[in-house]
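# Secondary and tertiary structure notes
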Amino acid sequence: MGAIGVIAVNAFRESLRDKILYNLVLFAGLLIGLSVLLADLSITEHHKVIADMGLAAINVIGVIIAIFVGISLVNKEIERRTIYTIMARPISRTFFIMGKYLGLALTLFVNMAIMWAVFLLTLWLYHVPIHPSLFQAAALIFVEILVVTAVALFFSTFTSTTLSAIFTLGLYVIGHLTADLRSMVANHESGPIKSLVDLLYYVCPNLDMLNIKGQAAVGIAAAPEFVLMASLYGLVYAGFLLTGACLVFQQRDF
Amino acid sequence: MDDIVTDNLSKSYASGWPGRPPFVALDGLSLTVGRGEIFGFLGPNGAGKTTTLKILMGLVRATSGTAQLLGQPAGDVATRRRIGFLPESPYFYDYLTAEEFLGFYGRLAGLNHAALALRVTELLELVGLVEARTRQLRKFSKGMLQRIGLAQALIHDPELIVLDEPMTGLDPIGRKQVRDLILSLRDCGKTVFFSTHILHDVEMICDRVGIVMKGRLVASGRVDELVRQDHTQSVEVVCQQLKVEGNAFIHSLASRVLQQGQQCLIVLPTPDAVDALVGEIRRQGGRLLSVTPHKASLEDLFFQEATQEATRVLPQMTSGRAS
Ligand SMILES: Nc1ncnc2c1ncn2[C@@H]1O[C@H](COP(=O)(O)OP(=O)(O)OP(=O)(O)O)[C@@H](O)[C@H]1O
Ligand SMILES: [Mg+2]
């Protein structure tokens, strides 16, 4: 068990020494700050825009970090052949994947916490009411980021970095569309299109479920049961992907 | 008690193209390495040395055959606590400092905090990197990386040490240090298995060697036995004031004749012709300076195997092309 921790801490340390992450988080801070400039609106609109843009910035930057660190997490180890000496240690491949994932989750958590602090500060400076719904939205954003990281990690265990990026991005977009697509084709008669959309709906993560930014920005809280179920859904989905990643990784030659 | 046992180990790599046959990197390799032995695994580029070592470390799965290390199947996670491994031209996390790096590997091997601090210093001293302890690995030279790689392989005081070309990238002093290090490991009762294509290193320190070519083990045994098997011991005769040019008799005996100023070097393929040659030198009024039996070296054996391999393979290739 200790070995997972060692791998996780090292993955975290690696990302701390990677300057790109700082830049991205800085960029998120800028975006949040920028929302203030879009102020030529009535006061309630103004508040909504600041909250909306802030949440969106946190979401987008979080997902970008998750994809780009997620796809390189394991691939980089293989391409740079650092994996040889790690796998020669008394640590199973499964524990290695888990450790890497936890390390990245920790990195993402810290990044989100920083962006979140900047966001709250902005809200406070501009006297925007801080609704509990904002916290709910942030929690679900973090769950989404965990799912996206698992998707990226899964693809990166068997394809190249570039393909993993494309697949993960694709799945992210589809994951936000499947629910809409499904309701669109629901009225139609059953047919190949409907079965295809159904398949997509059940296979791809339903990321739209984790998106309550719109209502949160205007202060409408979601039911706690919904937040709980949505989080559970995301975590279980990530769990399946990680299991898949471990199974694939188990079979690999280096 | 044997620390490494491989039985009929084979590995084919998929060609990546449908219809094209897989590439056979290892073909029925069987060898054993005894406890406390230094075993040199010798072979030219692309012979399958790294592939073998990767299978032993569980990085690559054998297509068929078995491998056991310390009595456990290769790749067994718990057994790796007792094995140290240095990969070929090692790549490491370059954002870590030397100290952090060794600490990381020590913790992975399950060393506790107190033991680790001592061990890290000890190993940095052993490989001569004490001054570089707080430098990031990205700033290390090739030889320094090789050294820190060795330290990493030894951090947990393993019983069995597997090294893939440990001497490459090292200066002559570093080479000697590594040879001495390997010898001292054996003195502590460790088993060392290392691959190389530098024959000299093998001849100097190995108890036993295995020669692998094109994925097959073509010879293995004690260095002196392998070399003795080779009967064609040549003899070098040096003489003075002898006109060898145009001497058909000497040319018929010798495999090589070299005239350098006054001196003349005559190489005989076997010791049998020494008497005849010495008689001829006397008759021609030459002065004999020295007769040196040239002990066949591992190098001769190595080239002999390589040539045999080539003569075995080449006709196949040409006949294949003709048809
Ligand atoms: N992943 C791979 N896919 C396909 N072929 C491979 C792969 N790895 C190795 N090979 C092939 O297997 C053969 C043996 O390679 P290996 O690396 O074991 O040689 P080696 O004896 O270590 O050589 P060197 O002295 O150059 O390090 C080579 O012909 C190589 O091209
Ligand atoms: Mg090699």
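Predicted model, so just to flag it, every value in this text is computed and none were measured. (Residues numbered from 1 in each chain as written. Chains lettered and ligands numbered in written order. Predicted model: local features only at pLDDT ≥ 70, side-chain atom pairs only at ≥ 80, totals over all residues. Heavy atoms only, no water.)

### Quick notes on the site of ligand 1
All names here are of chain B. Contacts to ligand 1 come from 14 residues, most closely from Gly 46, Lys 49, Thr 50, Thr 51 and Glu 88. Tyr 13 places a polar side-chain atom, nitrogen or oxygen, 3.5 Å from a nitrogen atom of ligand 1. Taking Glu 165, its side chain carries an N or O atom lying 3.3 Å from an oxygen atom of ligand 1. Bound to the protein, ligand 1 loses 64% of the 630 Å² it would expose on its own. Mapped onto the shell around ligand 1, the elements with two or more residues apiece are strand E2 (23–34) and helix H1 (49–56). Ranked by residue count, the leading element in the shell around ligand 1 is H1, at three residues. Split by residue class, the shell around ligand 1 holds five nonpolar, six polar and three charged. (Near = heavy atom within 4 Å. Polar contact = N/O pair within 3.5 Å; in protein donor to acceptor, adjacent residues only side chain to side chain. Areas by Shrake-Rupley, 256 points an atom, 1.4 Å probe, with all protein chains shown as cover. Helix = DSSP H or I, 4+ residues; strand = E, 2+ residues; numbered from the N terminus. Nonpolar A, V, L, I, M, F, W, Y, C, P; charged D, E, K, R; others polar.)

### Some thoughts on helix H1 (residues 2–16) of chain A
Residue and element names in this part refer to chain A. Taking 1.5 Å of rise per residue, the 15 residues of H1 would be expected to cover 21 Å, and the 21 Å separating its terminal C-alpha atoms lies within 8% of that figure. With eleven of 15 residues buried, H1 is to be regarded as a mostly interior element. Turning to H1, its buried residues number three or more, namely Ala 3, Ile 4, Val 6, Ile 7, Ala 8, Asn 10, Ala 11, Phe 12, Arg 13, Glu 14 and Ser 15. (Expected span 1.5 Å × (residues − 1). Buried < 20%, exposed > 50% of the residue type's maximum accessible area, 1.4 Å probe, protein only.)

### Considerations on the coordination of the magnesium ion (ligand 2)
All names here are of chain B. At this site the magnesium ion (ligand 2) is bound by Thr 50 (OG1) and Glu 88 (OE), with donor distances of 1.9 to 2.2 Å. Of this pair, Thr 50 sits in helix H1 while Glu 88 sits in the loop between strand E6 (83–86) and helix H2 (98–108), and the two are 38 residues apart along the sequence. Judged by relative accessible area, which is 18%, Thr 50 ranks as buried. On the basis of relative accessibility, which here comes to 30%, the residue Glu 88 falls in the partly exposed class. (Donors = N, O, S within 2.8 Å, 3.2 Å for Na, K, Ca; no water.)

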